[in-house]
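Residues per chain, in single letters:
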Amino acid sequence: MAIIRPPPAYDYTIKPLNRNLEAMARQLYDYWFVQFDFPDENDKPYKSSGGKMVWNERLKREIPENWIVEDLSNAAQIFNGATPSTANEFNYGGNIVWITPKDLSDQQCKFVYYGARNISQKGYDSCSTHLLPRHSLLMSSRAPIGLLSISEVPLCTNQGFKSFVPKEGYDVHYLYYVIKHQLPKIEQLGTGTTFKEVSREDLMKFPILRIPHSIQKMWQEKTECMAERQYKSVIESDTLKRERDELLPLLMNGQVSVMPTEVNCDLFHSCHIDAVLPQYQIIPFVA
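Residue numbers run consecutively from 1 along every chain, following the written order of its sequence. Side-chain atom pairs in this predicted model are given and counted only at pLDDT of 80 or more, local residue features only at pLDDT of at least 70, and totals for whole chains, interfaces and linings cover all residues. In computing side-chain properties, one takes all heavy atoms of the structure into account and sets aside hydrogens as well as water.

J.: Requested: an account of empty space enclosed by the protein, with residues and values cited.
T.: Empty space among the atoms becomes visible once a probe the size of a water molecule is rolled across them. Here a cavity is any set of points on a 1 Å grid over the protein atoms alone where a 1.4 Å probe fits but cannot get out, and a pocket is any open set with protein on both sides within 12 Å along at least 5 of 7 lines; a residue lines the site when it has an atom within 4 Å of a point. Grid points are joined across faces, edges and corners, and a volume is the space filled by probe spheres set on the points. Counted by the stated rule, this structure contains one cavity of 30 Å³ or more. Within this model, the largest cavity holds a volume of roughly 30 Å³. Along its surface, the largest cavity is lined by Ala25, Lys110, His173, Tyr177, Thr223, Met226, Ala227 and Gln230. Comment: elements are numbered from the N terminus, with helices defined as DSSP H or I runs of at least four residues and strands as E runs of at least two. Breaking the lining of the largest cavity down by element, the ones donating at least two residues are α5 (172-181) and α8 (213-252). When residues in the lining of the largest cavity are grouped by element, the largest group, four residues, is from α8. Amino acids outside the nonpolar list (Ala, Val, Leu, Ile, Met, Phe, Trp, Tyr, Cys, Pro) and the charged list (Asp, Glu, Lys, Arg) are all regarded as polar, and Gly is one of them. Each residue belonging to the lining of the largest cavity can be placed in one class, and the counts come to four nonpolar, three polar and one charged.

J.: Please provide a residue-by-residue account of the environment of Lys167, values included.
T.: With respect to the secondary-structure elements, Lys167 resides in the loop between β12 (161-166) and α5. Distance in space between the C-alpha atoms of Lys167 and Ser73 is 9.0 Å, their sequence separation being 94 residues.

J.: I'd like a description of the side chain of Asp103, backed by residues and values.
T.: Here Asp103 is to be found in helix α3 (residues 101-107). Lys102 is the oppositely charged side chain nearest to the buried, salt-bridge-free Asp103, at an N-O distance of 6.6 Å. Any pair of nitrogen or oxygen atoms within 3.5 Å is treated as a polar contact; in protein, a donor-acceptor pairing is required on top of that, and neighbouring residues in sequence qualify only through side-chain atoms on both sides. Reaching out from Asp103, the side chain makes a polar contact with the backbone nitrogen of Ala116 at a distance of 3.0 Å. Any two residues whose heavy atoms approach within 4.5 Å at even a single point are treated as in contact. In this structure Asp103 touches Trp98, Gly115 and Ala116, once residues within four positions along its chain are discounted. Summary of the burial criterion: residues with accessible area below 20% of their type's maximum are buried, those above 50% are exposed, and those between are partly exposed, where the area comes from a 1.4 Å probe applied to protein chains only. Asp and Glu count as negative and Lys and Arg as positive, but His and the ends of the chain are not part of the count. One speaks of a salt bridge when a side-chain nitrogen belonging to Lys or Arg is within 4 Å of a carboxyl oxygen belonging to Asp or Glu.

J.: Lay out the sheet that holds strand β8 (residues 111-112) in plain terms, naming residues and giving numbers.
T.: Note: two strands are recorded as paired if DSSP finds a minimum of 2 bridges between them. One open sheet holds the five strands; their spatial order is β5-β12-β9-β10-β8, and the pairing between them is mixed. Only two strands of the sheet have a single neighbouring strand rather than two, namely β5 (76-80) and β8. Between N-to-C directions, angles cover 0 to 180 degrees, with each direction set by a line fitted to C-alpha atoms, over the stretch in contact for helices. The strands touched by α5 within the sheet are β5, β9 (137-141), β10 (145-151) and β12, with β10 carrying the most contacts at an inclination of about 170°.

J.: Describe the environment of Gln230, and please don't skip the residues or the numbers.
T.: Structurally, the position occupied by Gln230 is in helix α8. In this structure the C-alpha to C-alpha distance between Gln230 and Ile14, which are 216 residues apart in sequence, comes to 9.0 Å. The residues contacting Gln230, other than those within four sequence positions of it, are Asn18, Leu21, Glu22, Lys110 and Phe111. Within the local environment of Gln230, its side chain forms a polar contact with the side chain of Lys110, the two groups lying 3.1 Å apart.

J.: Report on the pattern of salt bridges, specifying residues and quantitative values.
T.: A complete count under the given rule lists ten salt bridges for this structure. Its salt-bridge partner being Arg26, residue Glu22 comes within 4.0 Å of it at the nearest N-O pair. Remark: Arg26 and Glu22 occur in helix α1 (residues 10-33); sequence separation between them is four residues, near one turn of the helix. Glu57 is the salt-bridge partner of Lys60, the closest N and O atoms lying 2.2 Å from each other. Among the charged side chains, a network of salt bridges with common partners joins Glu22, Arg26 and Lys110.

J.: Can you explain the state of the cysteines? Please cite residues and give values.
T.: Only a pair of cysteine sulfur atoms within 2.5 Å qualifies as a disulfide here. For the coordinates displayed, the defined rule picks out zero disulfides. Cysteine Cys156 shares no disulfide, and the gap to the nearest cysteine sulfur, in Cys127, comes to 6.9 Å. Residue class for Cys156 comes out buried when judged on its relative accessible area of 0%.

Here you go:
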């Protein structure tokens, strides 16, 4: 028999941390690219400090002077997905990560690195799906429209997605918040009788604001750190869930017991993931 020290509770450590980081990133996007109060050359909020704004007919709103509105196809390559035939069992069970909208619906996560079912090289070669690089943006384009996730490994998808591979001058985190902010308008592009679907052609023509390189660089410096911490916490939480699932049967049949531990509430507000997520410590039980 062994005595284990329980890990910190997921609901009291990782979830609040991720919520806080996401709220910070979302607020920064809104402040800089919706209200246009990004830092100007004097480090003052641009619009609130009198920065010049001009009317843009495509967006039907004012934008900062000299900023450009272009098609989404100029910001990212847009790919469809596909499904290998399920009649051939050798199309599945390989090492190529393959994502369906159900995976995103089940995981409810900003990042994705695995799905319920991998496909094989044979399955990949048999259909028109596309292998997307790390830091692509996945968007479900039907049933439902608008589930979003950032790929953290190379992967491919079924036909229920339109996926975006950022081009030079754009980063995936900016695209994530642009698409998320514009989802109501994107959903209006959906057509179909059984269920609505957004086409690749309509998305290619969707307008997007191209931000100047200097602002883009500042945005990346601020958001990449938050995104890395968020993803690290996702990995840690998945590890904790697997360990929980492995330990519960052992607890049930008496092979291990739990040593009480105190939780430091101050850690809930820390962004240092390693500090709030120590691993299980298993101590051999001496009779």
